Amino acid sequence: MPAIDLNADLGEGFGVWRLGDDDAMLGIVSSANVACGFHAGDPAGLLRVCRSAAERGVRIGAQVSYRDLAGFGRRFIDATAEDLLADIVYQIGALQAIAHVAGSTVSYVKPHGALYNTIVSYREQAAAVADAVAAVDVTLPVLGLAGSVFFEEARRVGLRTVAEAFADRAYTPQGRLVSRRQPGAVLEDPAFIANRVVAMVTSGEVEAVDGSTVAVTVESVCVHGDSPGAVQIATAVRDRLNSAGIDVRAFC
């Protein structure tokens, strides 16, 4: 049976503020991109998420970001390569310790938000992120967009790259994500999203916002845990994949 990984961004609450339903999402996804405290997440909350992921056999990934709690990591920061490298090393190391205490381990790394989008084309920061991951553990795979300079830099230092597609985000004709500041950037209809995911996985194509067809490479599909109706969307996606004969299974 063909298989695909299903991932979600989790552990993004902070203190008394809760964002999304982590427990419900952990019953659906195969990989959890867990915040590392720079864009969201507090230590106690992250430990709870990692323990729950470990109990359910869900892979834990370090979701690294700019140091931007106020902006939820969605604002570009003109960090030097030296500072960014150190920030990424710090975040992976923190989550590694939490995952270890929870009885699991960090299995991969995924950049978050503005950092994710920036390193699609900004080589200096892409190289800094790749160098940081390799310095911590060169066996850690990295999630990102196929064709990005981040993937080029990751391969340069010997990292495995895992191409990701987004269930609930609109695409530009160039195969990039539509900015969240634009209307229609985040999709909300569970049935539409589920059918779209199956089409991406089986055909390697997705319809862009202008109606054109864009090629996509898909080894993992992201459903955002903070999206409206995230649990319903993730459930619909998993059910539709299964009905199409596609198993949901972690990539590592």
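Residues numbered from 1 in each chain as written. Predicted model: local features only at pLDDT ≥ 70, side-chain atom pairs only at ≥ 80, totals over all residues. Heavy atoms only, no water.

Going by the annotation in an unreviewed UniProt entry, the name recorded for the chain is 5-oxoprolinase subunit A, with Mycobacterium kubicae given as the source organism. The Subunit (unreviewed entry) field of the UniProt record for the chain holds the comment "Forms a complex composed of PxpA, PxpB and PxpC." (UniProt positions renumbered as here; feature names shortened; annotations may be inferred.)

### Here's the deal with the overall build of the chain
Helix and strand counts for the chain stand at eight helices and 10 strands. Computed over its C-alpha atoms, the radius of gyration of the chain comes to 17 Å, within 12% of the 18 Å expected for a compact globule of 252 residues. Dimensions of the chain along its principal axes, counting C-alpha atoms only, are 40 × 40 × 35 Å. The 252 residues of the chain split such that 52% are buried. Nonlocal contacts in the chain, meaning residues at least 24 apart in sequence, comprise 73% of its contacts between residues at least 6 apart. A total accessible area of about 10500 Å² is found for the chain, and carbon and sulfur atoms account for 52% of it. Distance between charge centroids for the chain: 2 Å, based on 21 positive and 29 negative side chains. (Helix = DSSP H or I, 4+ residues; strand = E, 2+ residues; numbered from the N terminus. Rg over C-alpha atoms; globule rule 2.2 N^0.38 Å. Buried < 20%, exposed > 50% of the residue type's maximum accessible area, 1.4 Å probe, protein only. Contact = heavy atoms within 4.5 Å. Areas by Shrake-Rupley, 256 points an atom, 1.4 Å probe, with all protein chains shown as cover. Lys, Arg positive; Asp, Glu negative; His and termini not counted. Charge placed at Lys NZ, Arg CZ, Asp CG, Glu CD.)

### Structural notes on the environment of Arg 67
Among the secondary structure elements, Arg 67 is positioned in the loop between strand E3 (59-64) and helix H3 (81-101). When the C-alpha atoms of Arg 67 and Pro 2 are compared, they prove to be 38 Å apart, with 65 residues separating the residues in sequence. When sequence neighbours within four positions are dropped, the list of residues in contact with Arg 67 reads Phe 38, Ile 77 and Asp 87. Within the local environment of Arg 67, its side chain forms a polar contact with the side chain of Asp 87, the two groups lying 3.3 Å apart. (Polar contact = N/O pair within 3.5 Å; in protein donor to acceptor, adjacent residues only side chain to side chain.)

### Topic: the packing of aromatic side chains
Evaluated as defined, the whole model comprises six aromatic pairs. Geometrically, the ring pair formed by Phe 150 and Phe 151 is tilted, given 6.2 Å between the ring centres and 45° between the ring planes. Accessibility classification places Phe 150 together with Phe 151 in one group, the buried group. In textbook terms, an aromatic cluster arises when at least three aromatic residues are bridged by ring pairs, as seen for Tyr 66, Phe 76 and Tyr 122. (Phe/Tyr/Trp six-rings, centres within 6.5 Å; stacked < 30°, edge-to-face > 60°.)

### Some thoughts on the environment of Val 216
When you line up the elements, Val 216 lands in the loop between strand E8 (213-215) and strand E9 (220-222). Taking relative accessible area as the criterion, Val 216 reaches 15% and is therefore assigned buried. In this structure, the C-alpha to C-alpha distance between Val 216 and Arg 176, residues 40 residues apart in sequence, is 9.9 Å. In this view, Val 216 contacts Tyr 171, Met 200, Gly 204, Glu 205 and Val 206; residues no more than four positions away in its chain are not counted.

### Quick notes on the packing of helix H5 (residues 123-136) against helix H6 (residues 149-156)
Look at H5 against H6: their axes get within 8 Å of each other, and the N-to-C directions meet at 40°. Our classification of the angle between H5 and H6 gives oblique. Between H5 and H6 lies a crossing whose hand is right-handed. For the pair H5 and H6, contact is made by Arg 123, Ala 126, Ala 127, Val 129, Ala 130 and Asp 131 and by Val 149, Phe 150, Glu 152, Glu 153, Ala 154 and Arg 156, respectively. (Axes fitted to C-alpha atoms, helices over the stretch in contact; angles between N-to-C directions. Parallel < 35°, antiparallel > 145°, perpendicular 65-115°, else oblique. Left-handed = near helix turned anticlockwise from the far one by under 90°.)

### Examining the nonpolar core
Among the nonpolar cores identified, the biggest contains 79 residues, and Ile 88 and Val 237 are the most heavily contacted of them. Every residue in contact with Val 237, bar those within four places of it in the chain, is listed here: Leu 6, Ile 193, Ala 194, Val 197 and Val 223. (Core = buried A, V, L, I, M, F, W, Y, C linked by side-chain atoms within 4.5 Å.)

### A few points about H6
Every α-helix winds through 3.6 residues per turn, so residues three or four apart in the chain are directed the same way. For H6, the full list of buried residues reads Val 149, Phe 150, Phe 151, Glu 153 and Ala 154. Buried residues in H6 make contact with strand E4 (106-111), H5, strand E5 (142-144) and strand E6 (161-166). Count one or two residues on from H6 and you reach Gly 158, which has phi positive near 90°.

### A word on helix H8 (residues 230-243)
End to end, H8 covers 20 Å across 14 residues, agreeing with the expected 20 Å (1.5 Å per residue, within 8%). The set of residues buried in H8 consists of Ala 230, Ile 233, Ala 234, Val 237 and Leu 241. Each buried residue of H8 sits inside an arc of 95° when the element is viewed along its axis, so together they form one side. Summarising the geometry of H8, the exposed residues directed more than 90 degrees from the buried face are Gln 232 and Ser 243. Residues of H8 that are buried sit in contact with strand E1 (3-10), helix H1 (22-26), helix H7 (190-203) and strand E10 (247-248). (Expected span 1.5 Å × (residues − 1). Arc of directions from axis to C-beta.)

### Some thoughts on the side chain of Glu 164
Along the polypeptide, Glu 164 turns up in strand E6. The contacts of Glu 164, once residues within four sequence positions are left out, are Asn 7, Lys 110, Tyr 116, Leu 143, Gly 144, Leu 145, Tyr 171, Thr 217, Ser 220 and Cys 222.

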